[in-house]
Amino acid sequence: MSNGMKVLVSGASFAGLSTAYWLKRLGYDVTVVETAKGLRTGGTAVNIEGRTVSVAERMGILEQIRSKRLNLERWEYKNAADVTEGSMVLRPEGALPPEDDLEVERNTLLGLLFELVKDDVEFVFDDSITALSERPENIEATFRSGARRSFALVFGCDGLRSTVRSLWFGKEAEYTHFLEQYFSITIVDKSLIRPNTAQMFNVPGKGVMLNAYKDKTDIVFCFVSEKEIPYDYRNEAEQRRIISEQFAGLGWRTAELLQEIAGSGSFYFDKLCQVKMPSWSRGRVALVGDAAYCASPAAGKGGSLALDGAAALADALQKYPGNFELAFQAYDATFRPFIEEVQAETVRFGLEGLCPRTEEAIRKRNAFESDLFERRATDDARA
Ligand SMILES: Cc1cc2nc3c(=O)[nH]c(=O)nc-3n(C[C@H](O)[C@H](O)[C@H](O)COP(=O)(O)OP(=O)(O)OC[C@H]3O[C@@H](n4cnc5c(N)ncnc54)[C@H](O)[C@@H]3O)c2cc1C
């Protein structure tokens, strides 16, 4: 039943769609504004683990996620001559992953979330908030289209480069912490390696990863750069050029993979950084997902943090009905310790896994992973 309050969500990805879902369930009339012309598809698979499993269950999408889960069986670490130097076998070929090992394509999860809300929420695509003005009783949003509308609350779920954050909380540079790495992903509609396998090739400071599933392959390039590279984040041609220049002449299958990328319309590029804010809300505006607490792709948790954050916000709003100030404080207080832990772990362990900086670190990483599996296999044999 409607509580008569209109709310605005900026961004229609994991944070925006799941925030819209919970707000609708709590009785709000929800409008979602998305700057793109439709849902922004693409990207590496999303892990659903830990607390996100119960969030997905509460949202009623756990079984669908389970039925569409991917089945990565094997990691292989390659040298320039395409010889496998180390490998980690997660399960025998053809064996199903355990019930709680949930990894789904980014587009699959996006589609499931959109299905949950598409009939109950107003979507405004190809538009963006350009100004916000708060009054005692509501907040007015001005849109790129020229429209002006009033809402009780506004939620910034518009990602790392959140417009709501820069309009309402301050410049991006105040809150983003560069992690000295860049990464790109292209998805091609063919298997470049055996399905359900991932391969990785590294030289110090550079990494190329392939992940094949369901007749598709993710091609990921990542590289270390101590200084930020100036580029326009809206200019894809410029970002493609950065990747070509960084990886030109590198060994393994790099030349072939650069050609695949050049011939593909799918391309996503970003710097790795974390967002850290002293507060995720001010007045009638709160942030959810990457906009508030991006942990970076190296965390491998961007999607699940957005789902968890939206649920934490909903729990707080439910606990303090009619008092958004207390609800926003509770959202911050309950969810922040988890975010701080994930962000710290990502810096400690995640970055080196994707893109080790030295030969020694590459050797150590490969050996550690192999040991890990051998240990597990030995334990299993003993059991
Ligand atoms: C196309 C794409 C591919 C991605 N691929 C990867 C990947 O391979 N690996 C990884 O770790 N992470 C990836 N990400 C980021 C990942 O989705 C997020 O880290 C995570 O899911 C958190 O979700 P989010 O909803 O907070 O942010 P995001 O998923 O970044 O979504 C933000 C949404 O807000 C929209 N938006 C931006 N500005 C405005 C505006 N002014 N007004 C309205 N809407 C706006 C965007 O178009 C987007 O739909 C990708 C994101 C996108 C958009």
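To be clear, the structure that these remarks concern was listed above.
The shown structure was predicted, so the numbers you read here are calculated from the model rather than taken from an experiment.

**Quick look at the environment of Asp82**
Okay, step 1: Inspection of the secondary structure puts Asp82 in the loop between β4 (74–78) and β5 (84–89).
Okay, step 2: Residue Asp82 is classed as partly exposed on the basis of its relative accessible area of 37%.
Okay, step 3: Only 2.7 Å separates the side chain of Asp82 from the side chain of Trp252, close enough to count as a polar contact.

**Describing the pattern of salt bridges**
Any two side chains of opposite charge can pair, given that their charged atoms come close.
Okay, step 1: Summed over the entire model, instances satisfying the criterion amount to 24 salt bridges.
Okay, step 2: Within the structure, one salt-bridge network assembled from shared partners comprises Glu105, Lys214 and Lys216.

**Points about the site of the ligand**
Okay, step 1: Residues in close proximity to the ligand total 28 residues, the closest being Ser13, Glu34, Thr44, Thr163 and Asp290.
Okay, step 2: Phe14 places a polar main-chain atom, nitrogen or oxygen, 3.3 Å from an oxygen atom of the ligand.
Okay, step 3: One nitrogen or oxygen atom from the side chain of Arg106 is found 3.2 Å from an oxygen atom belonging to the ligand.
Okay, step 4: Alone, the ligand offers 920 Å² of accessible surface; in the complex the protein occludes 91% of this.
Okay, step 5: Of all the secondary-structure elements, those providing two or more residues to the shell around the ligand are α1 (14–25), β2 (29–34), β12 (176–188) and α10 (302–319).
Okay, step 6: With 3 residues, the top contributor of residues to the shell around the ligand is α10.
Okay, step 7: For the shell around the ligand, the residue count by class is 9 nonpolar, 14 polar and 5 charged.

**Quick word on the packing of α1 against α10**
Okay, step 1: Two numbers describe how α1 lies on α10: the axes approach to 8 Å, and their chain directions differ by 25°. One way to sum up the angle between α1 and α10 is to call them roughly parallel. Judged by the twist between their axes, the crossing of α1 over α10 is right-handed. Across from Phe14, Ala15, Ser18, Thr19, Trp22 and Leu23 in α1, the residues of α10 making contact are Gly303, Ala306, Leu307, Ala310, Ala311, Leu313, Ala314 and Leu317.
Okay, step 2: Looking at the contact of α1 with α10, its residues break down into 11 nonpolar, 3 polar and no charged.

**Comments concerning the packing of helix α2 (residues 51–58) against α10**
Okay, step 1: Direction vectors running N to C along α2 and α10 enclose 60°, while the axes themselves pass 9 Å from each other. Crossing hand, α2 versus α10: left-handed. Contacts between α2 and α10 involve Arg51, Thr52, Val55 and Arg58 on the former and, on the latter, Ser304, Leu307, Asp308, Ala311 and Asp315.
Okay, step 2: Looking at the contact of α2 with α10, its residues break down into 3 nonpolar, 2 polar and 4 charged.

**As for the packing of aromatic side chains**
Okay, step 1: Counted under the stated rule, the structure contains 21 aromatic pairs.
Okay, step 2: Relative to Tyr331, the ring of Trp280 has its centre 5.4 Å away and its plane inclined at 55°; by these criteria the two rings are tilted. Of this pair, Trp280 sits in the loop between β16 (268–275) and β17 (281–282) while Tyr331 sits in helix α11 (residues 324–354), placing them 51 residues apart in sequence.
Okay, step 3: Its relative accessible area of 2% is what places Trp280 among the buried residues.
Okay, step 4: Owing to a relative accessible area of 0%, Tyr331 belongs among the buried residues under this scheme.
Okay, step 5: In this structure an aromatic cluster arises from ring pairing among Phe178, Tyr182, Phe221, Phe223, Tyr231, Phe247, Phe267 and Phe269.
Okay, step 6: One residue, Arg51, lies across the ring of Phe338, its end atom 4.1 Å from the ring centre.
Okay, step 7: One Lys or Arg, Arg282, reaches over the ring of Trp168 and ends 4.3 Å from the middle of that ring.

**What to know about the sheet that holds strand β7 (residues 122–125)**
Okay, step 1: Taken in spatial order, the 6 strands line up as β7-β2-β1-β11-β18-β17 in an open sheet, and their pairing is mixed. Only two strands of the sheet have a single partner each, and these edge strands are β7 and β17.
Okay, step 2: Examined bridge by bridge, β17 and strand β18 (residues 285–287) share 2 bridges and lie antiparallel to one another. Pairing of Ser281 across the sheet is with Ala286, part of β18.

**What about α10?**
Okay, step 1: Between its first and last C-alpha, α10 extends 26 Å over 18 residues, near the 26 Å set by a 1.5 Å rise per residue.
Okay, step 2: Across the 18 residues of α10, 14 count as buried, placing the element largely inside the fold.

**Let's talk about the environment of Arg161**
Okay, step 1: Looking at the element boundaries, Arg161 is found in the loop between β11 (153–156) and α5 (163–168).
Okay, step 2: Since its relative accessible area comes to 16%, Arg161 is described here as buried.
Okay, step 3: Separated by 65 residues in sequence, Arg161 and Glu226 have C-alpha atoms that sit 21 Å apart.
Okay, step 4: If we skip the residues at most four places from it in the chain, Arg161 touches Glu172, Tyr231, Tyr233, Asp270 and Lys271.
Okay, step 5: In this structure the side chain of Arg161 is engaged in a polar contact, spanning 3.5 Å, whose partner is the side chain of Tyr231.

**Description of helix α4 (residues 106–117)**
Okay, step 1: In this model α4 runs 17 Å from its N-terminal to its C-terminal C-alpha over 12 residues, within 8% of the 16 Å that 1.5 Å per residue would give.
Okay, step 2: Turning to α4, its buried residues are Arg106, Thr108, Leu109, Leu110, Leu112, Leu113 and Val117.

Conventions and cut-offs
- Residues numbered from 1 in each chain as written.
- Predicted model: local features only at pLDDT ≥ 70, side-chain atom pairs only at ≥ 80, totals over all residues.
- Heavy atoms only, no water.
- Helix = DSSP H or I, 4+ residues; strand = E, 2+ residues; numbered from the N terminus.
- Buried < 20%, exposed > 50% of the residue type's maximum accessible area, 1.4 Å probe, protein only.
- Polar contact = N/O pair within 3.5 Å; in protein donor to acceptor, adjacent residues only side chain to side chain.
- Salt bridge = Lys/Arg side-chain N within 4 Å of Asp/Glu carboxyl O.
- Near = heavy atom within 4 Å.
- Areas by Shrake-Rupley, 256 points an atom, 1.4 Å probe, with all protein chains shown as cover.
- Nonpolar A, V, L, I, M, F, W, Y, C, P; charged D, E, K, R; others polar.
- Axes fitted to C-alpha atoms, helices over the stretch in contact; angles between N-to-C directions.
- Parallel < 35°, antiparallel > 145°, perpendicular 65-115°, else oblique.
- Left-handed = near helix turned anticlockwise from the far one by under 90°.
- Contact = heavy atoms within 4.5 Å.
- Phe/Tyr/Trp six-rings, centres within 6.5 Å; stacked < 30°, edge-to-face > 60°.
- Lys NZ or Arg CZ within 6 Å of the ring centre and 35° of its normal.
- Pairing = 2+ DSSP bridges.
- Expected span 1.5 Å × (residues − 1).

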